[in-house]
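# Commentary on secondary and tertiary structure
Spelled out from the first residue to the last, the chains are:
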Amino acid sequence: WWLRGPLSTTPRLVDVVDDRIRTMSVEARVALELLAVWEQLGLADLESVAGAGPVEELDRAGLLEVSLDRRRQQVRLVHPLYGEVIRGGLAALTTRRLLLEGADRIESHGARRRSDRLQIAVARVDAAGTADPELLLAAARVARQAYDHRLVEKLTRIADRAVVSTEQVILRAEALHELGEFDEVERLLAETVPGEESRSEVQLVALRVRNLMWGLQRPADALAVNREVRDRVMDESDRDELVTDEALTLVHSNRPDEALLALSQMSQEPTARAAVLRSIAEIPALIATGRCERALALVDDAYVAHSSLGDPAVMAHPGIHIVYKVQALLEAGRIDEAQELAALGSERTRRSGPPLGRTWFLLGLGRAALLAGRPRTAEKWLAEGVLMSMGTAFYGPHRMQLSLLAVAQSWLGDLDGATTTIAELGATPRSAFSEAEDDVGRAWTAVAAGDPSEAKEVLAHAATRAEAAGQ
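Residues numbered from 1 in each chain as written. Predicted model: local features only at pLDDT ≥ 70, side-chain atom pairs only at ≥ 80, totals over all residues. Heavy atoms only, no water.

### Re a nonpolar patch on the surface
Quick reminder of the rule: A patch consists of residues whose relative accessible area exceeds 30% and which take part in no salt bridge; residues with like charges are grouped when within 9 Å of each other, and nonpolar side chains (Val, Leu, Ile, Met, Phe, Trp, Tyr) when within 5 Å. Surface accessibility follows the Shrake-Rupley procedure with a 1.4 Å probe radius. Residue values consider only the protein chains on display as shielding. Any Lys or Arg side-chain nitrogen found within 4 Å of a carboxyl oxygen on Asp or Glu counts as a salt bridge. Each helix corresponds to a stretch of at least 4 residues labelled H or I by DSSP, and each strand to a stretch of at least 2 residues labelled E; elements are numbered beginning at the N terminus. When accessible area is computed with a 1.4 Å probe and restricted to protein chains, residues below 20% of their type maximum are described as buried, those above 50% as exposed, and intermediate ones as partly exposed.
On the surface, a nonpolar cluster with roughly 260 Å² of combined accessible area is contributed by Trp-411, Trp-444 and Val-447. Here Trp-444 lies in helix H24 (residues 438-448). Here Trp-444 falls in the partly exposed class, since its relative accessible area comes to 33%.

### Topic: the packing of helix H14 (residues 236-251) against helix H15 (residues 256-263)
The description of two packed helices rests on the angle between their axes and on the distance between the axes. Quick note on the threshold: As a rule, the C-alpha atoms of each element are fitted with a line to give its axis, helices using only the stretch in contact, and angles between N-to-C directions run from 0 to 180 degrees. Should an angle lie under 35 degrees it is considered roughly parallel, over 145 roughly antiparallel, and from 65 to 115 roughly perpendicular; all remaining angles are considered oblique. Residue contacts follow a heavy-atom distance rule, with two residues in contact if any of their heavy atoms lie within 4.5 Å. Side-chain classes are defined by residue name, with Ala, Val, Leu, Ile, Met, Phe, Trp, Tyr, Cys and Pro counting as nonpolar, Asp, Glu, Lys and Arg as charged, and the others, Gly among them, as polar.
Relative orientation of the contacting elements H14 and H15 amounts to 170°, with a least axis distance of 7 Å. As judged from the angle between their axes, H14 and H15 are roughly antiparallel. Contacts between H14 and H15 involve Val-243, Thr-244, Glu-246, Ala-247, Leu-250 and Val-251 from the former and Pro-256, Glu-258, Ala-259, Ala-262 and Leu-263 from the latter. Partitioned by chemical class, the residues of the contact of H14 with H15 number 8 nonpolar, 1 polar and 2 charged.

### Points about the pairing of strand E3 (residues 72-77)
It is a general feature of regular strands that their side chains alternate between the two faces of the sheet. The criterion, for reference: For two strands to be treated as a pair, DSSP must find at least two bridges joining them.
Where strand E1 (residues 40-42) and E3 come together, 3 bridges link them in antiparallel fashion. Note on E3: the bridge partner recorded for Gly-42 is Gln-74. Across 6 bridges, the pairing between strand E2 (residues 64-69) and E3 is antiparallel. Bridge assignment links Glu-65 to a residue of E3, and that residue is Arg-76. The turn linking E2 back onto E3 is made up of 2 residues, and Arg-70 within it adopts a positive phi angle of 60°.

### Description of unusual backbone geometry
Most peptide bonds take the trans form, and the phi angle of most residues other than glycine is negative. Even without being glycine, Tyr-147 reaches a positive phi, approximately 60°. Positionally, Tyr-147 belongs in the loop between helix H8 (133-145) and helix H9 (149-159). According to the relative accessible area criterion, Tyr-147 is partly exposed, its value standing at 26%.

### As for the side chain of Asp-439
Short version of the rule: Polar contact is the term for a pair of N or O atoms within 3.5 Å; when the atoms are in protein, one must be able to donate a hydrogen and the other to accept it, and sequence-neighboring residues count only if both atoms are side-chain atoms.
Of note, Asp-439 is situated in helix H24. According to the relative accessible area criterion, Asp-439 is buried, its value standing at 7%. Engagement of the side chain of Asp-439 in a polar contact is seen with the side chain of Arg-465, the distance being 2.4 Å.

### Things to note about the environment of Val-17
Position of Val-17 among the secondary structure elements: in helix H1 (residues 11-21). Using a relative accessible area of 3% as the deciding quantity, one classes Val-17 as buried. It is 8.0 Å that separates the C-alpha atoms of Val-17 and Leu-81, two residues lying 64 residues apart in sequence. If near-sequence neighbours (up to four positions away) are discounted, Val-17 is found in contact with Leu-81, Tyr-82 and Val-85.

The structure is reproduced here in structure tokens:
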């Protein structure tokens, strides 16, 4: 079972919480309501509003969790369920008052932390339905850094009513893309008229190309959109970036040789940003064409260069280079190194980072286990990866995981499981990305079913297609 969305309370749970807070004093209830609405507050702020005594009363009752965030002591309720139950019992106007008073209080203290702008914006939106457009934009930037794509979408949608800027469109389109709303991204970007600067047009085109190629599975349209702009852009650095977009589209369309050829059109001295974008397309093209050692020679420096850019817009997360390194190590036969790196990446993305990143590391762990002859371990990682990518509309990695999962199940003699997995693979929309890999699972399922002749036919056809693509 895989839960998507919030848990809901039950009457019995509400009764349990009510029993624990019923004996609290009126003053302590004020602190409880504040924490329920705001989820987390600085200890000094909480005491300034509710008083030190009531806060201590809650602490003695075991209802608070106090932690240190840099130099601030932060307080939250010991379990989110308490906040949910208390919020459910508050009058709407009480919630509104607590939100607006809290926002005013943060602003009176200077709102010096980046997270303060986000808290103020969310509070004012929840209380009044809107907020200052500049505040909403600043808050959306912070939410993007935290990979909270749903919040970015909400903030930019509200800002849309007031003022539309190129940055707001980019933030909104990125968030919608990560949420799998590919048709909406295409509508938004196709209708957006870029500003006078070529930089804004290049970024909007890069997003549209990524969405057409990776989201809508329309690589021909992605190439057409990209080339139309590239033919008329005069700035050399802008043209370099558009070349990398074309190369990346070719890589994910199973045309790695053409991708490498496209990159040869870049200038001799690209900007730091263009050089990083080049590596994002070049390294997987090298891996796909069997030049794994060359890819491994480039990938560490590419990661460092990417990380030094800070938080650039319209660009993959720096962790993409770690994903590439895992792939290159596996293709080069360095399985133990790949497994160790994939495990580290999986653990880090479990704590923070874009959710799709963990999907790639689970795929790496599953492939490493298969190559090492450990199908039961592979099944564990791949099944988890299938669940994580399910429903995301990123069909390429989902199909690869299903195919390899069927391999593991077949090796374990689980014909029913492999057959079910292959049926799910067949029901998943097609993706050009690593398409030949889909047939590996089909072939091993045929072996498990006692039909090795069928398996050979499937693999021969897949090899022919891969060879024709330069893989």
